[in-house]
Amino acid sequence: MNSSLLGKVAVVTGASRGIGRAIAESYAKYGAKVVVSDIDNSEGQTTVESINNAGGNAVYFHADVSCAKAHQELVDFAMKTYGRLDIACNNAGIAPPSFKVADVPIDLWHKVIKINLDGVFYGARAQIPAMLKNGGGTIVNISSILGKVAFPELGAYSPSKHGVIGLTKQIALDYAPQNIRSIAIGPAFIQTELLDGLSPDFDSLLKLHPIGRLGKPNEIGEAVASLCSDSFSFLNGAYVPIDGGFLTQ
Ligand SMILES: NC(=O)c1ccc[n+]([C@@H]2O[C@H](COP(=O)([O-])OP(=O)(O)OC[C@H]3O[C@@H](n4cnc5c(N)ncnc54)[C@H](O)[C@@H]3O)[C@@H](O)[C@H]2O)c1
């Protein structure tokens, strides 16, 4: 399999820690130059150092994904720094406290949608024109298994992640003729700080994963980097679960 990303330029949002950091590291490992983006500048620099110390090529740019202008500035920075944009991973997201639908505070609903769904739309809106300048590219949107199924009392999160899958299909349909691929990723529960916010009962979470454990960030990073390579050139508009079998039950 040719998983090389040599010569490609990638942007990853929410790359200061967790899944985003792992994706940025995998992109760099397979040869891409990477713009690491987040709102946590200090940890973002740690991601950059980790990549550059391993022989890769990365720079940091601060961008809040809930702001459309910030996405444009991020893409402009990538173009100015590396001259092109081939891969964008819209990864940044938040997990809010648990509420049943009728109990979700309205401001919380808007906050989750603004980061988890608007943030992906704003990203694609800025990334697509840049990719078209170099004949196409790949947009990876991090959804969740909870983009396919609901989960008790995740009244805002699960709807936001379902929306990401719909948006991914729409991008694929509209831009496939111009050589832009769009893929939605569905991680199951992955060991990151995001789970702290969910206060999970770990034993019951483990039982939901037939593999018998939660996932690791690098297991998402490696898969995403492969999916962005030319080996997957005919994959477009797909939802790809990476879930230790979660969705089989
Ligand atoms: N961890 C899981 O179990 C899991 C499962 C499925 C999907 N996901 C999704 O994967 C993505 C990454 O999750 P994670 O577990 O690594 O989370 P995390 O909380 O460990 O990291 C999220 C990163 O996003 C950044 N971020 C938050 N709000 C932002 C904003 N407005 N603009 C820019 N950056 C922002 C944070 O600073 C942080 O660096 C999210 O979209 C999440 O919904 C996570």
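Preceding this paragraph is the structure being described.
Residue numbers restart at each chain and count upward from 1, following the sequence in its written direction. Per-residue local features are limited, in this predicted model, to residues with pLDDT of at least 70; the limit for side-chain atom pairs, both in listing and counting, is 80 or more; totals at the level of whole chains, interfaces and linings are taken over all residues. The side-chain values count all of the structure's non-hydrogen atoms but skip hydrogen atoms and water molecules.

Reading across the sheet, the seven strands line up as β3-β2-β1-β4-β5-β6-β7 and stay open at both edges, with parallel pairing between neighbours. Looking along the sheet, the strands with just one partner apiece sit at the ends: β3 (57-62) and β7 (239-242). Strand-to-strand, the axes of this sheet are offset by a mean angle of 20°, without reference to chain direction. Here, a strand pair is defined by DSSP locating no fewer than two bridges between the strands. Each helix is a run of H or I in the DSSP string that is no shorter than four residues. Each strand is a run of E no shorter than two, and both are numbered from the N terminus. Pairing between strand β6 (residues 180-187) and β7: four bridges, direction parallel. Note that in β7 the partner of A184 across the bridge is Y239. Two residues qualify as a contact provided that any one of their heavy atoms is within 4.5 Å of a heavy atom in the partner residue. Simply put, an axis is a line fit to the C-alpha atoms, just over the touching stretch for a helix, and the angle between two N-to-C directions goes from 0 to 180 degrees. Its contacts with the sheet put helix α1 (residues 18-29) on β1 (9-12), β2 (33-38), β4 (87-90) and β5 (137-142), and the angle it makes with β1 is roughly 175°. Running at roughly 150° to β3, helix α3 (residues 68-82) makes contact with β1, β2, β3 and β4 of the sheet.

Regular strands place their side chains on alternate faces of the sheet. As judged from the six bridges shared by β2 and β3, these two strands associate in the parallel manner. Across the sheet, residue V36 finds its bridge partner in β3, namely Y60. Each parallel crossover has a hand, and the one from β2 via helix α2 (residues 41-53) to β3 is right-handed. Crossover handedness is defined here as right-handed if the route from the first strand over the helix to the second strand goes clockwise, with the strands pointing away from the viewer.

With that settled, the discussion passes to the site of the ligand. Nearness of a residue to a molecule or strand requires only that one of the residue's heavy atoms be within 4 Å of it. For the ligand, the set of nearby residues contains 28 residues, the closest of which are R17, D38, N91, Y157 and T192. Think of a polar contact as two N or O atoms within 3.5 Å of one another; within protein, one of them needs to be a possible hydrogen donor and the other a possible acceptor, and neighboring residues in sequence only count if both atoms come from side chains. A distance of 2.8 Å separates an oxygen atom of the ligand from a polar atom in the backbone of I19. Within the backbone of V65, an N or O atom sits 3.0 Å from a nitrogen atom of the ligand. At the level of secondary structure, the elements contributing two or more residues to the shell around the ligand comprise α1 and α5 (157-175). Gly is placed with the polar residues, together with every amino acid not listed as nonpolar (Ala, Val, Leu, Ile, Met, Phe, Trp, Tyr, Cys and Pro) or charged (Asp, Glu, Lys and Arg). Taken together, the residues that form the shell around the ligand break down as 15 nonpolar, eight polar and five charged.

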